[in-house]
Amino acid sequence: MDVDVDVDTAVGLSERLMRYLEIVAAFVLVGLFAVGVFDFLLQIVDLVRTGEIAQTDAIIGLIDEILLLFIIVEIFQTVVAYAQEKSVIRIVIAAGLIAVARKIISFHAGDYASATEAAISAAGYAGLLLALVAALYVVQRTNVATPTEQDV
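This write-up is about the structure you can find in this document. (Residues numbered from 1 in each chain as written. Predicted model: local features only at pLDDT ≥ 70, side-chain atom pairs only at ≥ 80, totals over all residues. Heavy atoms only, no water.)

**Digging into the packing of aromatic side chains**
Each aromatic ring pair is described using two quantities: the centre-to-centre distance and the angle formed by the ring planes.
Logical step 1: Under the definition given, this model contains two aromatic pairs.
Logical step 2: Seen from their ring centres, Phe-107 and Tyr-112 are 5.5 Å apart, and the 35 degrees between their planes marks the pair as tilted.
Logical step 3: Given a relative accessible area of 24%, Phe-107 falls into the partly exposed group.
Logical step 4: On the basis of an interplanar angle of 85 degrees and a centroid distance of 6.1 Å, the ring pair of Phe-107 and Tyr-125 is categorised as edge-to-face. Taken together, the residues Phe-107 in the loop between helix H3 (89–105) and helix H4 (115–142) and Tyr-125 in helix H4 connect sequence positions 18 residues apart.
Logical step 5: Members of the aromatic cluster, connected to one another through ring pairs, are Phe-107, Tyr-112 and Tyr-125. (Phe/Tyr/Trp six-rings, centres within 6.5 Å; stacked < 30°, edge-to-face > 60°. Buried < 20%, exposed > 50% of the residue type's maximum accessible area, 1.4 Å probe, protein only. Helix = DSSP H or I, 4+ residues; strand = E, 2+ residues; numbered from the N terminus.)

**Overview of the side chain of Thr-78**
Logical step 1: Here Thr-78 is to be found in helix H2 (residues 56–83).
Logical step 2: A polar contact of 2.8 Å, which involves the side chain of Thr-78, links it to the backbone oxygen of Glu-74.
Logical step 3: Excluding residues within four positions of it along the chain, Thr-78 makes contact with Val-88, Ile-91 and Val-92. (Polar contact = N/O pair within 3.5 Å; in protein donor to acceptor, adjacent residues only side chain to side chain. Contact = heavy atoms within 4.5 Å.)

And the structure:
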């Protein structure tokens, strides 16, 4: 009997510790988001000051930064939903979609050694995007999705 009580106590302690760590992770993500927003604003100020704000590469860089911030938000929502013992399926798929969109938007064929490597990479991104859209469609259609109050 004493062994059962000790195991229950240990399990309860570990569950409480895990909850605290989940909260710490959520706050770390909030901090990362705040730093990212501050950095984004500094980038805009710098681009306006130097006159580079109208250049395509600068705009793509800003979009890339915003999408990275959205990924942080999605990861935060995943941690919060997990801590609340809610389904995270839709949130994870949304984070994946944002991550793939970010890679597609910042894709430059010139970054690859050959046109073949660039084409293979582009096809991989397209395949990932299609797979994630299909997964989101399946989740929506089969009601495996999160409850309405948790929709993203």
